[in-house]
Amino acid sequence: MIKGVVFDFDGTLADSSEGIFHTALYTVRALGDAKEYGESDLRKFVGPPLRDCFRIAFDLDPALIDDALRIYRKEYLERGYRMMSLYPGMKELLLKLRALGIRTGVATFKGEELVHLCLQNLGVDGLFDSIHGSNEAENRTKGDIIRLCISDFGIGSDEVLMVGDTLNDLKGAEDAGTPFLAVRYGFGFSSCSDAGDIPYADDTDGIYGYVQSINGGEI
């Protein structure tokens, strides 16, 4: 029985690609990188912890990472976080789940204060029982962040479904001991063949249908 659903943020709850791509390019340009980057390069920037994103997507000199983080965070807070929208049907999905007594949460590598700001901007900050993000001082893994949501819910990890769009989300769910549902509309899983034999949904109706199927129509 699923009693709680935890969502990743970028690529799962919201299409934040415009703001992330803008801010990532703004940052590397400010650091003197004039190379051309396509969407396939920029998509690598979504999912991992921010510090790792610059290495994975841009092969940035490790000596420049701290400067990159400073520039990125300033620009994202000024402009980037406003460049996003909920995926179609997401607010309705959250309302349906909560109306049925299912707890909802967010587990993301975005900074915790920033994800609260993003959710407020999207008008859904009041639709979650638990919201947790990264904290560099604690060096949280995705599994750690998911476990914080589970603790807030006050239910067993096997009663919580993690929904996400990247392998980082899948690995976090495995670490936290929760079932996992991949979404194919985000940044990571255009197909699920590279992630093994895992369930997936193509849209918010698919997420709701999966929860129904696990709960035997009892939700």
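Residues numbered from 1 in each chain as written. Predicted model: local features only at pLDDT ≥ 70, side-chain atom pairs only at ≥ 80, totals over all residues. Heavy atoms only, no water.

Enquirer: Hey, could you go over the overall build of the protein for me, with residue numbers and the actual values?
Expert: Broken down by element type, the protein carries 9 helices and 8 strands. Computed over its C-alpha atoms, the radius of gyration of the protein comes to 17 Å, within 12% of the 17 Å expected for a compact globule of 219 residues. Over its C-alpha atoms, taken along the principal directions, the protein stretches across nearly 55 × 35 × 30 Å. In the protein, buried positions account for 49% of the 219 residues. Here the contacts in the protein between residues at least 6 apart in sequence split such that 64% fall between residues at least 24 apart. With an accessible surface of roughly 9900 Å², the protein has 47% of that area assigned to carbon and sulfur atoms. Computing the positive centroid from 22 side-chain charges and the negative centroid from 36, the protein places the two 3 Å apart. (Helix = DSSP H or I, 4+ residues; strand = E, 2+ residues; numbered from the N terminus. Rg over C-alpha atoms; globule rule 2.2 N^0.38 Å. Buried < 20%, exposed > 50% of the residue type's maximum accessible area, 1.4 Å probe, protein only. Contact = heavy atoms within 4.5 Å. Areas by Shrake-Rupley, 256 points an atom, 1.4 Å probe, with all protein chains shown as cover. Lys, Arg positive; Asp, Glu negative; His and termini not counted. Charge placed at Lys NZ, Arg CZ, Asp CG, Glu CD.)

Enquirer: Residue-level account of the packing of helix α3 (residues 50–58) against helix α4 (residues 65–78), with values.
Expert: Running from amino to carboxyl end, α3 crosses α4 at an angle of 110°, the nearest separation of the two axes being 10 Å. It follows from the interaxial angle that α3 and α4 lie roughly perpendicular. Judged by the twist between their axes, the crossing of α3 over α4 is right-handed. Together, Leu50, Arg51 and Phe54 of α3 and Ile65, Asp66, Ala68, Leu69, Tyr72 and Arg73 of α4 make up the contact between the two elements. Looking at the contact of α3 with α4 residue by residue, the classes come out as 6 nonpolar, no polar and 3 charged. (Axes fitted to C-alpha atoms, helices over the stretch in contact; angles between N-to-C directions. Parallel < 35°, antiparallel > 145°, perpendicular 65-115°, else oblique. Left-handed = near helix turned anticlockwise from the far one by under 90°. Nonpolar A, V, L, I, M, F, W, Y, C, P; charged D, E, K, R; others polar.)

Enquirer: Now, about the packing of helix α7 (residues 142–153) against helix α8 (residues 167–176): what can you tell me, with residues and values included?
Expert: Running from N to C, α7 and α8 point in directions that differ by 60°, and their axes come no closer than 8 Å. Classified by the angle between their axes, α7 and α8 sit oblique to one another. Considering the relative orientation of α7 and α8, their crossing is right-handed. Here Lys142, Gly143, Asp144, Ile146, Arg147 and Ile150 of α7 lie close against α8, whose contacting residues are Asn168, Asp169, Gly172, Ala173, Asp175 and Ala176.

Enquirer: Would you mind going over unusual backbone geometry in detail, with residue names and values included?
Expert: Of note in the backbone geometry, Asp59 takes a positive phi value of approximately 50° without being a glycine. With respect to the helices and strands, Asp59 occurs in the loop between α3 and α4.

Enquirer: Please give an account of the state of the cysteines that cites residues and values.
Expert: Considering all chains together, one arrives at 0 disulfides under this definition. Counting only cysteine sulfurs, Cys53 is the nearest neighbor of Cys118, a cysteine outside any disulfide, at a range of 14 Å. According to the relative accessible area criterion, Cys118 is buried, its value standing at 0%. You can see Cys149 has no disulfide; the closest cysteine sulfur is in Cys118, sitting 16 Å from it. (Disulfide = S-S within 2.5 Å.)

Enquirer: Lay out the environment of Leu50 in plain terms, naming residues and giving numbers.
Expert: Relative to the helices and strands, Leu50 resides in helix α3. Owing to a relative accessible area of 18%, Leu50 belongs among the buried residues under this scheme. For the pair Leu50 and Gly133, spaced 83 residues apart in sequence, the C-alpha separation works out to 12 Å.

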